[in-house]
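Fold and geometry: a report
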Amino acid sequence: MNKVIKEYSLSWKDMMYIVVGSFILALSFQVFLLPNEIISGGVSGITIILNDLFGWEPAYIQYAFNVPLLILSFVLLGKEVFFKSILGSLLFPFFVDLVSGLEAWTLNPMLAALFGGVATGIGVGLVYKSKGSTGGTSTLAQIIEKYTRVTMGEAVSLTDGFVLALGFITFDIETIMYGMISLVVVSRFVDYVLIGNRTQKMVLIISNESENIRQEILEKIDRGVTRLEIRGGYQNEEKEMLMAVIQENEFTALQEMVLQIDESAFIVVTSASEVMGRGFSLEKYFSSNQAQ
């Protein structure tokens, strides 16, 4: 047993993320979501519904859901998910009880939906950053994903959508709409915490002047370029495609430079959510490690 616990134990950094994230979640729930009845999915949403219907204490409701779901995760998802979920699943309701005496920071439902969504997204993002979980409906989503053909994103949408639908039992459509706004904000800030405000772009360029363009990117934009051999689908001819990853604020200069060399060049640009390599996030990682 000790060997199993050691194998799936969390580092102090991961534990810190879970503790801080769970506290932010509990604070957001108490001062924004609960007093304004903002249902944004998850066990928090179910808690608000049951609290409104029966007056039950939020912390007890969350323990009542999280403990059985922890057991279910152990049985259906395995030891790894169980050990990564146990701390957040127990800490979140503990912190909810701890801050239960705090008054609402706003009684404006729109402000509550926005700021509650921001705080909740940050809290959830910190917990996910540790590869942990606060249990609840995220455990259900993991089970659905494992035993059905739906993706994790679809499973989360199903569980959160079900919670929002339950809200119609006691709340009106306007309240549910505020919950939907909060859910969108939560999703955005979870991504922000996990991925960061990265604004890299991946640019693909097809041109008969690819060599000149390559030289200009290397010298003027100071970015690496990858050369890819391709075959055109229309005329079935051999061509060369250039691929470069740049910062978003460099794209306009690159576009103008390419079109000056070849005004008929074919350019495709797409967002790159995570880039590792010299000049991007990996370089920052090495710098921060060397500074420690």
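Before any of the text, the structure's been laid out above.
Residues numbered from 1 in each chain as written. Predicted model: local features only at pLDDT ≥ 70, side-chain atom pairs only at ≥ 80, totals over all residues. Heavy atoms only, no water.

1. Description of helix α3 (residues 42-54)
Relative to the 18 Å expected for 13 residues at 1.5 Å per residue, α3 spans 19 Å between its end C-alpha atoms, a close match to the ideal helical length. All buried positions along α3 are accounted for by Gly42, Val43, Ser44, Gly45, Ile46, Thr47, Ile48, Ile49 and Leu50. Note on α3: the residue one or two positions beyond its end, Gly55, has a positive phi of about 75 degrees. (Helix = DSSP H or I, 4+ residues; strand = E, 2+ residues; numbered from the N terminus. Expected span 1.5 Å × (residues − 1). Buried < 20%, exposed > 50% of the residue type's maximum accessible area, 1.4 Å probe, protein only.)

2. Considerations on a nonpolar patch on the surface
Taken together, the side chains of Val67, Ile71, Phe74, Val75 and Leu90 present a nonpolar region at the surface, about 440 Å² in accessible area. Ranked by residues supplied to the nonpolar patch, first place goes to helix α4 (residues 58-76) with four residues. Relative to the helices and strands, Ile71 resides in helix α4. (Patch = residues over 30% accessible without salt bridge, like charges linked within 9 Å, V, L, I, M, F, W, Y side chains within 5 Å. Areas by Shrake-Rupley, 256 points an atom, 1.4 Å probe, with all protein chains shown as cover. Salt bridge = Lys/Arg side-chain N within 4 Å of Asp/Glu carboxyl O.)

3. Comments concerning the pattern of salt bridges
With the rule as written, the count across this model stands at six salt bridges. The partner of Glu216 in a salt bridge is Lys220, with the nearest N and O atoms 2.9 Å apart. Of this pair, Glu216 and Lys220 both sit in helix α10 (residues 210-221), separated by four residues, roughly a single helical turn. By relative accessible area, Glu216 is classed as buried at 19%. According to the relative accessible area criterion, Lys220 is exposed, its value standing at 59%. One continuous salt-bridge network, built from bridges that share partners, spans Glu211, Arg214, Arg227 and Glu240.

4. Focus on the nonpolar core
One recurring pattern in soluble globular proteins: nonpolar side chains tend to sit buried together. The biggest cluster of nonpolar side chains holds 32 residues, and the ones touching the most others in it are Ala26, Ile38, Ile39, Ile48, Val96 and Phe171. Counting only elements with at least two residues in this core, the list comes to α2 (12-36), α3, α4, α5 (79-98), α6 (109-129), α8 (152-166) and α9 (173-195). With nine residues, the top contributor of residues to this core is α2. When neighbours within four sequence positions are excluded, Ile48 is seen to be in contact with Phe29, Leu33, Leu34, Glu37, Ile38, Ile39 and Phe171. With 13 residues, the next largest nonpolar core counts Ile205, Ile213, Ile246 and Leu254 among its residues. (Core = buried A, V, L, I, M, F, W, Y, C linked by side-chain atoms within 4.5 Å. Contact = heavy atoms within 4.5 Å.)

5. Regarding the packing of α2 against α6
Between α2 and α6, the shortest axis-to-axis distance is 8 Å and the interhelical angle comes to 165 degrees. Our classification of the angle between α2 and α6 gives roughly antiparallel. As α2 runs across α6, the sense of the crossing is left-handed. The segment α2 lies against α6, with Tyr17, Ile18, Val20, Gly21, Ser22, Ile24, Leu25, Ser28, Phe32, Leu33 and Asn36 engaging Pro109, Ala112, Phe115, Gly116, Ala119, Thr120, Ile122, Gly123, Val124, Leu126, Val127 and Lys129. Taken together, the residues that form the contact of α2 with α6 break down as 15 nonpolar, seven polar and one charged. (Axes fitted to C-alpha atoms, helices over the stretch in contact; angles between N-to-C directions. Parallel < 35°, antiparallel > 145°, perpendicular 65-115°, else oblique. Left-handed = near helix turned anticlockwise from the far one by under 90°. Nonpolar A, V, L, I, M, F, W, Y, C, P; charged D, E, K, R; others polar.)

6. Here's the deal with the environment of Gly45
Tracing the backbone shows Gly45 in helix α3. In the structure, Gly45 is positioned 122 residues away from Gly167 in sequence and 8.0 Å away in space, judged by C-alpha atoms. Excluding residues within four positions of it along the chain, Gly45 makes contact with Ile39 and Val163.

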